[in-house]
Amino acid sequence: MARTERPIGIFDSGIGGLTVFEAVRKRLPGESLVYLGDSARVPYGTKSAETVIRYSLENAAFLEGKGVKAIVVACNTASALALPALSQKFDLPVLGVVNPGAKEAMAATKRRTIGVIGTSATIASDAYARALKELDSNVRVVSQACPLFVPLVEEGWTDNDVARAAAKHYLSDMHNEGIDVLILGCTHYPLLKPLIRETVGDAITLVDSAEATASALEALLGREGTRNKTSSKATYQIYVTDIPARFETVARRFLHNDLPGVRHVTI
Ligand code: DGL
């Protein structure tokens, strides 16, 4: 198969990366996609860097075996911790979600004061703050781990009193720090957008790394000369490492019922 016609590989710790899958599918409808959700080992956001790196290398090896032309690390935690190891090990372009999200946030801030929310591991890694400071050393970054957001989204509790209380708890202080942009630094948080918007008000720009990553991927394929320009129909494959039942139920919330067949795989 010509390199241009090969699929793009996307992996996440589980379901949340389907927000990136969706954004890529919309932006690049001619590209075939292979998605791997490591649902047997989710969550990554509470694990050590060493473990997240090991899992990420195994996920990428699976995608490489599927003949992908590029790998998108949809998981913020894996992007924050494993990108150097992945780029070193694989002879494929590897794109994470941290740099695209940081770039978009920097373009949107006027006060140069940016909030970042993510899993405990992402926030502890300081990856977003580093990426932002590389773009502008004078930027002020206010970070906050929101560990309850992932389980809330997985339960579909995105608009009730428990979710509202959690959002208030995590976000009130950030609000007082004078941020004008908030990076949603986790695959699951786009599903909490209405609640986050309600909590922080209309004056703060919310940056969703899924959208930013899809546009960075388009640019990367352009640079590599690997955009699929044939008119052949794009295909979508979804693999998970645990049995698909729960994944399918929760995934419908991400893909609004439009879910390709999900296959179980051992990696
Ligand atoms: N995919 C993870 C992330 O974006 C959230 C879920 C997890 O903790 O594995 O950080």
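A brief report on the enclosed structure follows. (Residues numbered from 1 in each chain as written. Predicted model: local features only at pLDDT ≥ 70, side-chain atom pairs only at ≥ 80, totals over all residues. Heavy atoms only, no water.)

Let us look at the sheet that holds strand β3 (residues 70–73). Judged by pairing direction, the sheet is parallel, and its six strands sit side by side in the order β4-β3-β1-β2-β9-β10 without closing on themselves. Two strands in the sheet have a free side with no partner beyond their single neighbour: β4 (94–96) and β10 (262–264). Sheet twist, expressed as the mean angle between neighbouring strand axes with direction ignored, is 20 degrees. The sheet contact formed by β3 and β4 spans three bridges and is parallel. Of the residues in β4, the one forming a bridge with valine 73 is glycine 96. The strands that helix α1 (residues 18–27) touches are β1 (8–12), β2 (33–37), β3 and β9 (236–240); relative to β2, the one it contacts most, it runs at about 170 degrees. Across the face of the sheet, helix α10 (residues 209–224) comes into contact with β1, β3 and β4 while running at roughly 160 degrees to β4. (Pairing = 2+ DSSP bridges. Helix = DSSP H or I, 4+ residues; strand = E, 2+ residues; numbered from the N terminus. Axes fitted to C-alpha atoms, helices over the stretch in contact; angles between N-to-C directions. Contact = heavy atoms within 4.5 Å.)

Most peptide bonds adopt trans geometry, and most residues besides glycine take a negative phi value. Cis geometry marks the peptide bond from valine 42 to proline 43; its omega dihedral reads 0 degrees. Mapped onto the elements, proline 43 comes out in the loop between β2 and α2 (49–65). Located in the positive-phi region is arginine 112, a residue other than glycine, with phi close to 55 degrees.

What follows deals with the packing of aromatic side chains. Within the structure shown, the criterion is met by seven aromatic pairs. Where phenylalanine 21 meets tyrosine 236, the ring centres are 5.8 Å apart and the plane angle is 70 degrees; that geometry is what we call edge-to-face. Taken together, the positions of phenylalanine 21 in helix α1 and tyrosine 236 in strand β9 put the pair 215 residues apart, joining distant regions of the chain. For phenylalanine 21, a relative accessible area of 0% translates into the label buried. A centroid spacing of 5.2 Å and a plane angle of 85 degrees characterise the contact between phenylalanine 149 and tyrosine 170, whose relative ring orientation is edge-to-face. One end of the pair, phenylalanine 149, is in helix α7 (residues 149–154); the other, tyrosine 170, is in helix α8 (residues 161–176), and 21 residues separate them in sequence. On the accessibility criterion, tyrosine 170 (8% relative accessible area) is buried. The structure contains a cluster of three or more aromatic residues connected by ring pairs, namely Phe21, Tyr35, Tyr236 and Phe247. Across the ring face of tyrosine 236, the terminal group of arginine 25 is positioned such that the distance to the ring centre comes to 5.1 Å. Geometry around tyrosine 55 places arginine 41 over its ring, the cationic atom sitting 3.9 Å from the centre. (Phe/Tyr/Trp six-rings, centres within 6.5 Å; stacked < 30°, edge-to-face > 60°. Buried < 20%, exposed > 50% of the residue type's maximum accessible area, 1.4 Å probe, protein only. Lys NZ or Arg CZ within 6 Å of the ring centre and 35° of its normal.)

Keep in mind these numbers describe shape, not what the thing actually does.
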